[in-house]
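# Geometric and topological summary
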Amino acid sequence: MDRYSRIVAYLKVALPLAALALLSTLFLISRRIETDSAIPFAEVDLESRLRGQQVTAPFFTGTTKTGHEVTIAATKALPGGEGNTASASDLEAEIRTSDGRSILMLSDAGSVRPDKNTAVLTGNVRIITADGTRVETETLNALLDGLEITSPGTVTATGPLGDFEAGTMRIFTNSQNGPVHIEFTDGVKLVYDPAKVER
Amino acid sequence: QGTGVSFGVLQTDTSQPVDITSDNLSVNQEDGSALLTGNVLIIQGEMRLSADNVLVVRKTDGNGIERLEARGNVLLVSGEDAAEARTADYTIENGTVVMRGDVLLTQKGNTLGAEQMTVNLTTGNATLNGRVRTTLPGSGGD
């Protein structure tokens with residue numbers, strides 16, 4: 001056998017071994033990635049969840065006698081507060097009238113009493129009515145089976161009519177599918193600025 | 001035709017803000033009309049208009065007030081002139097107040113009665129028409 005075929009025979013053995021060694025570095029020597037590392041979990045969330053029952057993103061819908069759709073949503077609700085009222089945090093209630101106009105109510109906290117069909121919104125309550133008037137007040141009582149929303153405290157509002165304040169406010173409709181009225185009582189002060197509108 | 005007379009403080013600029021106070025205000029969500037009831041008082045610059053209730057008619061494009069329709073013992077005071085009537089319609093844009101229903105205008109002592117009076121607040125002149133009558137003070141008057 002001459003030199004050339006000896007080299008070839010030798011390479012026929014050496015090269016596959018080298019390939020094998022190279023391949024094994026891929027698995028044997030490579031860094032271990034440990035797959036079962038625990039997902040980081042804050043203990044405090046666990047405790048607060050365990051302490052009381054809680055509904056996240058609760059959703060309450062219904063239609064009133066007068067044919068308006070009521071939807072109430074919140075980020076969190078804790079059932080059975082005092083007098084089994086469900087209390088919720090940053091509540092968002094929307095009433096859609098039969099002809100599609102909607103009144104939106106947002107508040108930081110609130111409680112819903114399905115047995116009495118009432119909901120009380122408290123904490124920087126903001127109401128956006130169908131014609132774009134934005135009303136702000138402290139507390140708001142809403143009747144869930146009819147359309148009757150009253151705000152006992154003083155109300156400040158801005159809208160197409162200008163900015164105004166009033167003693168109390170009541171949103172209601174007096175007939176089946178009748179128009180929705182908003183009534184401000186106990187003294188109304190309204191400032192309308194024609195210049196602001198023209199610009 | 002009508003009797004022309006100058007009314008109240010001459011140039012009231014009707015683009016000033018309008019302050020409206022009343023006992024209650026009811027807004028109808030459907031057509032957006034608003035009704036102020038219970039001794040309504042409208043103040044704009046020198047002009048003061050008071051009435052039992054006032055209907056606010058909105059502009060067709062929705063924002064801004066087109067006209068204020070005052071009903072029920074309406075009293076318009078501007079400067080030291082005063083005019084009473086049953087109804088008054090105040091169009092804010094062009095500053096005209098149309099008063100109807102036994103209008104009684106009192107100006108510095110003499111009074112003028114008429115069926116209807118149109119006051120242009122920007123120019124300050126008013127025209128009365130319909131059975132205009134006036135009472136001249138008797139010879140002994142001051």
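These figures come from a predicted structure and were not determined experimentally. (Residues numbered from 1 in each chain as written. Chains lettered and ligands numbered in written order. Predicted model: local features only at pLDDT ≥ 70, side-chain atom pairs only at ≥ 80, totals over all residues. Heavy atoms only, no water.)

### Quick word on the UniProt feature "transmembrane region" (unreviewed entry) in chain A
Sites flagged by UniProt as "transmembrane region" (unreviewed entry) map to residues 7–29 of chain A. Within residues 7–29 of chain A, the helical portion is 100% and the strand portion 0%, while the C-alpha atoms at the span's ends are 31 Å from each other. (UniProt positions renumbered as here; feature names shortened; annotations may be inferred. Helix = DSSP H or I, 4+ residues; strand = E, 2+ residues; numbered from the N terminus.)

### Here's the deal with the pattern of salt bridges
Between side chains of opposite charge, a pair can form when the charged atoms approach closely. All told, the structure shown has 11 salt bridges over all chains when counted by the stated rule. The residue Arg96(A) makes a salt bridge to Glu94(A) at a minimum N-O spacing of 2.8 Å. Glu148(A) is the partner of Arg170(A) in a salt bridge, and the nearest nitrogen-oxygen pair spans 2.7 Å. Linking Arg170(A) in strand E11 (residues 162–172) with Glu148(A) in strand E9 (residues 148–151), this pair joins segments that are 22 residues apart in sequence. Counted as one network, the salt bridges with shared partners bring together Arg67(B), Glu69(B), Arg71(B), Asp89(B) and Arg100(B). (Salt bridge = Lys/Arg side-chain N within 4 Å of Asp/Glu carboxyl O.)

### Structural notes on the packing of aromatic side chains
All names here are of chain A. Taken as a whole, this structure holds one aromatic pair over all chains when the rule is applied. Measuring from ring centre to ring centre gives 4.9 Å for Phe-164 and Phe-184, while their planes differ by 80°; the resulting arrangement is edge-to-face. With Phe-164 in strand E11 and Phe-184 in strand E12 (residues 181–192), the pair connects residues that are 20 residues apart, well separated along the chain. Note on Phe-184: relative accessible area 2%, which makes it buried. Lying across the ring of Phe-172, Arg-170 places its NZ or CZ 4.0 Å from the centre. (Phe/Tyr/Trp six-rings, centres within 6.5 Å; stacked < 30°, edge-to-face > 60°. Buried < 20%, exposed > 50% of the residue type's maximum accessible area, 1.4 Å probe, protein only. Lys NZ or Arg CZ within 6 Å of the ring centre and 35° of its normal.)

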